[in-house]
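A look at the structure
Spelled out from the first residue to the last, the chains are:
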Amino acid sequence: METALPAAGSEVARCTAHQTPRRGGEHVNKWVLPLCWTAVLLDGFDLVVLGTVIPVLLQEKLLTTASASAVSTAGLVGMMLGALIIGTITDVLGRRKVMMFAVAGFSVFTLACAVAQDATTFGVFRFLAGLGLGGCLPTAIAMVNDARPQQGGRATTLIMTGYHVGAVITALLGIVLIPQLGWRSLFVAGALPALVLIPLMVKHLPETVARKAPAREAVGSLFKPGLRKATVAFWAASFMGLLLVYGLNTWLPQIMRSAGYELGTALALLLTLNIGAVIGLLIAGTVADRIGVRPAAIGWFAGAVVFLALLSIKLPGAGVYVAVLLAGCFVFSAQVLVYAYAGRVYEDNRATGIGWAAGIGRLGAISGPLLGGALLTAGLAHPWGFYAFAVVAALGAVAVTAVGLRTKSVVSHAG
């Protein structure tokens, strides 16, 4: 089974055993999860902060529609490069110091966004903030998998609830802060958690043993015998998963508007989608630890296919809310289970593997809004938008299947 641990004498087992030295046993575990959860919450902040302030930036003429799209893309490109670069460096230098650096970098440049005076400067700061933020996610997932190797599915999905909690908190902060203090105050608020988070990380996060190998060797390890096909399959699955996450979060309200729903209903459905995401994450991790993360990931993508296709039908009354809630349960958790599965397969190079899967997946995050926008422009958003997203989910299931049932056992005995 892909959930089996490596043989005690294998090279992977020896490396894994030294990845997270315990200081006081459970004392280490007690802090790793909440601190990593909080770091992932910052990712949720970034998901919605730009959408929250764009109407004001357009009104104040700091941005145009075109420059707003460019700024959004700059942030996503920064996150992609951050996941690729920092996700690799954390396996080389050790997780603790890299995590603190990533949080500090994101916070400094998020604060800098508050003083931007033109679109170019704003875009540069968003790109630089994205570098740090992109590195937080793979490092956080790798750390909780190091700390809880027997509960990788549950731990991974649990910290990813922080993503959606962060999104909700940021939207609420926008409602409260922007009318009173202006849009710049929201970026100040986004930087403030580092004042508490970094000192706690300094005190409580465990260090990991560095690989003492060049970064190119860490990346090259993703293609060693037994991993080549899995690596490409993880990249494809992550691309499909993040395409769904960003495509739906960006365009669901407008697609539902094109289907004839009122604006208030369309916005309520977006909230319902993210509530479903949190519920799905809480369930998916437990299921993955019981039946195996591979079948759980395939099943969650398959569930996404069913409920995304169902949304192509104009459902009466509460039916549409139930369908959107269930779509959220499956869509968002499917992507997170890809990370959890990668955390099981990559053991001696866990952060590099997850980082590259997340980084390549960011191309999907860029493509999702483009796909939705193209369908809306062509007047095909409903029902064909949901059919298109359902096909993407089906391709995600195929990609997870392609990782291969025997991958884990091959890698475990490679040494």
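Predicted model only: the values in this text are computed from it and were never measured.

In this section: the overall build of the protein chain. Looking only at helices and strands, the protein chain has 16 helices and 0 strands in total. Burial statistics for the protein chain: of 415 residues in total, 56% are counted as buried. Of the contacts made within the protein chain by residues no fewer than 6 positions apart, 85% connect residues no fewer than 24 positions apart. Surface exposure of the protein chain reaches about 15,900 Å², of which carbon and sulfur atoms provide 71%.

Before going further, it helps to spend a moment on the nonpolar core. Within the largest apolar cluster, 125 residues are counted, with the highest numbers of intra-cluster contacts made by M99, V103, F122, M201, F234, Y246 and L308. The residues touching F122, leaving out its near neighbours within four places in the chain, are L50, L57, L63, V71, C113, A116, W183 and F187.

Turning next to the environment of I85. Relative to the helices and strands, I85 resides in helix α3 (residues 65–93). I85 gets classed as partly exposed once you look at its relative accessible area, which sits at 45%. As a C-alpha pair, I85 and T352 span 267 residues in sequence and 8.6 Å in three-dimensional space.

Next up on the list: the packing of helix α10 (residues 228–258) against helix α15 (residues 381–403). Running from amino to carboxyl end, α10 crosses α15 at an angle of 160 degrees, the nearest separation of the two axes being 8 Å. When the interaxial angle is binned, α10 and α15 end up roughly antiparallel. Note that α10 runs across α15; the crossing there is left-handed. Among the residues forming the contact of α10 with α15, the class breakdown is 22 nonpolar, 4 polar and 1 charged.

Parameters and conventions
Residues numbered from 1 in each chain as written. Predicted model: local features only at pLDDT ≥ 70, side-chain atom pairs only at ≥ 80, totals over all residues. Heavy atoms only, no water. Helix = DSSP H or I, 4+ residues; strand = E, 2+ residues; numbered from the N terminus. Buried < 20%, exposed > 50% of the residue type's maximum accessible area, 1.4 Å probe, protein only. Contact = heavy atoms within 4.5 Å. Areas by Shrake-Rupley, 256 points an atom, 1.4 Å probe, with all protein chains shown as cover. Core = buried A, V, L, I, M, F, W, Y, C linked by side-chain atoms within 4.5 Å. Axes fitted to C-alpha atoms, helices over the stretch in contact; angles between N-to-C directions. Parallel < 35°, antiparallel > 145°, perpendicular 65-115°, else oblique. Left-handed = near helix turned anticlockwise from the far one by under 90°. Nonpolar A, V, L, I, M, F, W, Y, C, P; charged D, E, K, R; others polar.

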